[in-house]
Amino acid sequence: MDYVVTAGVRPPADISKLDPLQQEGVVSLLDHQLGRVEGVAGPDAEDIDVLDYRIEVGPDGASVMLAVDAPSLRAAETAAANVVQEVLADSPVLEHWTLTRSEVKITEDEFNESLAAAEQNAGGGSEETDPRLQAEIEEAFEQAEFLGAGSWERGSSEISGAERAQATEESETERWRARLRELSGKLRAFSGAAFGTAGADPRAEIAAGALVHAVSVVTDELFYDELALTVNDATADEAVGLLVLEELPLCYQHNYDARFTRSLLLSSALVATRLTGRQWRPPRCVAESLALRLFVNEARVVLEATELMSWSESEPLFEAFLDNANPDRAYEELFSVEVPGDESERIAGFDSEETERRLRERGLAFDQWFGISGEGDTGQHPYTG
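Residues numbered from 1 in each chain as written. Predicted model: local features only at pLDDT ≥ 70, side-chain atom pairs only at ≥ 80, totals over all residues. Heavy atoms only, no water.

**Comments concerning the overall build of the protein chain**
To keep things clear, this is the line we draw: Going along the chain from the N terminus, every DSSP run of H or I of four or more residues is numbered as a helix, and every run of E of two or more is numbered as a strand. Each residue's exposure class comes from its accessible area (1.4 Å probe, protein chains only) as a fraction of the maximum for that residue type: buried when under 20%, exposed when over 50%, partly exposed otherwise. Contacts are residue-level and defined by heavy atoms, with any inter-residue pair within 4.5 Å sufficient. Only the protein chains shown count as cover for residues, with accessible areas throughout obtained via the Shrake-Rupley method and a probe of 1.4 Å.
When helices and strands are counted, the protein chain shows eleven helices and five strands. Looking at the protein chain residue by residue over its 385 residues, the buried ones come to 46%. Within the protein chain, residue pairs in contact and separated by at least 24 positions form 67% of the contacts whose partners lie at least 6 positions apart. Only carbon and sulfur atoms are counted for the fraction: they give 48% of the accessible area of the protein chain, which is about 19,600 Å².

Below, the structure is given as structure tokens:
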């Protein structure tokens, strides 16, 4: 049976209120972790499927709604609590947050049972209505959209789970479409033609909005990676669960430490600012080129996840965009540098004179990534120098 479980989590006592940026960061972290969860063991070691989830964050904490397929109410509550507790424990940023509740919401079958009991009571029958179900009915209607159950009306015909799921997906997709169209106007440095489309192509508008949205996501995730590396005093090749740095060239992973991540954040901020300005200036260094690539990759992930555009459908649009925004794409060679599996071999192989000389000649060696090039530049931030 499908259950909707609401799990509440709150920050440590020394955090009084979450500001808007912190709230966005919590949403990003929870979404990334929950997106990996497919199932969990119940209280009796049974397998319980996690069907869907929603996240709401406010100044005082977060509420996670999970749709689970469980054999009983108790199993659903226990499974949801286990999922959320594991998510918190696996995140260095959220590990000190606490679970405050894990409560089941009414299911469609239970609603129908409760309604039948109420109708029999009204007709003089003796079947009793479950008090807990009666207490949950109003709240269930408020959360009905979560499972696409807006058609649970008295006297209406029952709709299938597949139909509810389809309605929910379509509604969520349209909300994302409207949101990305709204954001598209912030990409002032480019017109729709930059995506290789002709005329007022709605795909270009959605792609532009996805790119603006991606800036916020990548920025939050870079902050997460920086904190994870700082706490563990590690580099990217030693860390597990990083959100952004794993997308950078593997050949230099042993150099991606907390300081590098802070430098990359500064470079990405410059790129993001120019994207929303009225005049675009192409990336001036490898770090800025990589930051732009991170924004593009995240935009494509968003479009695919929201079912607005598949990965293959978005590829020609963003390839055209990169051709316009960053004509010199020499940095892509870094992704083809071979990296042997064993660490000692990897470092020895990568530091070979031939490989290093080839990269340095093309301005791609690691210590060249933040070096500003081009005439009339505005200078280099002292932190990245």
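Right, picking up where we left off after that structure.
**Considering the side chain of S263**
On the secondary structure map, S263 appears in helix α7 (residues 258-275). Not counting the four nearest positions on each side in its chain, S263 is found in contact with F370, Y383 and T384.

**Focus: the packing of aromatic side chains**
Just so we agree on the cut-off: A pair of aromatic rings is counted whenever rings of Phe, Tyr or Trp (Trp by its six-membered ring) have centres within 6.5 Å, and the orientation is called stacked for planes under 30 degrees apart, edge-to-face for over 60 and tilted otherwise. Charges are assigned to positions over rings by a cutoff of 6 Å between ring centre and Lys NZ or Arg CZ, combined with an angular limit of 35 degrees from the ring normal.
Using the criterion set out here, one finds 13 aromatic pairs in the structure. In this structure an aromatic cluster arises from ring pairing among Y252, Y256, F260, F366, W369 and F370. Note that R274 overlies the ring of W280, its terminal NZ or CZ placed 5.8 Å from the centroid. The ring of F335 carries the charged tip of R293 above its face, separated from the ring centre by 3.8 Å.

**Overview of the nonpolar core**
For clarity, the threshold we go by: Buried Ala, Val, Leu, Ile, Met, Phe, Trp, Tyr and Cys residues form a nonpolar core when they are joined through side-chain atoms within 4.5 Å.
Counting 97 residues, the largest nonpolar core has L66, L245, L275 and F321 as its most contacted members. Here this core gets 14 residues from one element, more than from any other, and that element is helix α6 (residues 202-232). When near neighbours in sequence (up to four residues on either side) are disregarded, L275 contacts K186, L187, R188, A189, F190, V215, W280, L292, F295 and F321.

**What about the pairing of strand β1 (residues 2-10)?**
In plain terms, the rule: Two strands pair under a simple rule: DSSP has to find at least two bridges between them.
Within β1, seven of the nine residues are buried, leaving the element largely enclosed by the surrounding structure. The pairing of β1 with strand β4 (residues 61-69) spans eight bridges and is antiparallel. Among the inter-strand pairings, V5 is bridged to a residue of β4, identified as L66.

**Topic: the packing of α6 against α7**
So the rule is basically this: In this analysis, axes come from line fits to C-alpha atoms, helices being fitted only over the stretch in contact, and the angle between any two N-to-C directions falls in the range 0 to 180 degrees. Should an angle lie under 35 degrees it is considered roughly parallel, over 145 roughly antiparallel, and from 65 to 115 roughly perpendicular; all remaining angles are considered oblique. For this scheme, ten residues count as nonpolar: Ala, Val, Leu, Ile, Met, Phe, Trp, Tyr, Cys and Pro. Four count as charged, namely Asp, Glu, Lys and Arg, and the remainder, Gly too, count as polar.
Closest axis-to-axis distance for the α6/α7 pair is 9 Å, and the angle between their directions is 170°. Viewed along their axes, α6 and α7 adopt a mutual orientation that is roughly antiparallel. Taking contact as the criterion, the partners of V215, T219, L222, F223, D225, E226, L229 and T230 in α6 are, on α7, A258, T261, R262, L264, L265, S268, A272 and L275. Split by residue class, the contact of α6 with α7 holds nine nonpolar, four polar and three charged.

**Digging into the environment of E333**
Heads up, the rule is: As used in this structure description, the phrase polar contact means that two N or O atoms lie within 3.5 Å; if the pair is within protein, one of them must be able to donate a hydrogen and the other to accept it, and residues adjacent in sequence are counted only when both atoms belong to side chains.
Here E333 is to be found in the loop between α9 (311-325) and α10 (343-350). The exposure class assigned to E333 is buried, which follows from its relative accessible area of 18%. Taking the C-alpha atoms as reference points, E333 and L359, separated by 26 residues in sequence, lie 8.7 Å from one another. When sequence neighbours within four positions are dropped, the list of residues in contact with E333 reads R358, L359, R362 and L364. Polar contacts involving the side chain of E333 include one to the side chain of R358, which spans 2.4 Å.

**Notes on the side chain of S268**
Residue placement: S268 occurs in helix α7. Among the polar contacts listed, one links the side chain of S268 to the backbone oxygen of L265, at a separation of 2.8 Å. Discounting chain neighbours no more than four positions away, the residues touching S268 are L222, A291 and F295.

**Notes on the confidence of the model for the protein chain**
Operational definition: The predictor reports its confidence for every residue as pLDDT, a score running from 0 up to 100.
Averaged over all residues, the pLDDT of the protein chain equals 79, while 76% of them reach at least 70. A low-confidence stretch, residues 140-168 (pLDDT under 50), is modelled with 38 contacts involving residues beyond four sequence positions or located in other chains. In the predicted structure, residues 344-350 sits below a pLDDT of 50 and forms 16 contacts with residues beyond four places in sequence or in another chain.

**Quick notes on unusual backbone geometry**
Peptide bonds are trans in most cases, and residues, glycine excluded, mostly fall at negative phi. Of note in this structure, D233 is not a glycine but carries a positive phi near 45°. Mapped onto the elements of the fold, D233 is located in the loop between α6 and α7. Despite not being glycine, E307 has its phi angle at roughly 60°, a positive value. With respect to the helices, strands and loops of the structure, E307 is situated in the loop between α8 (286-305) and α9.

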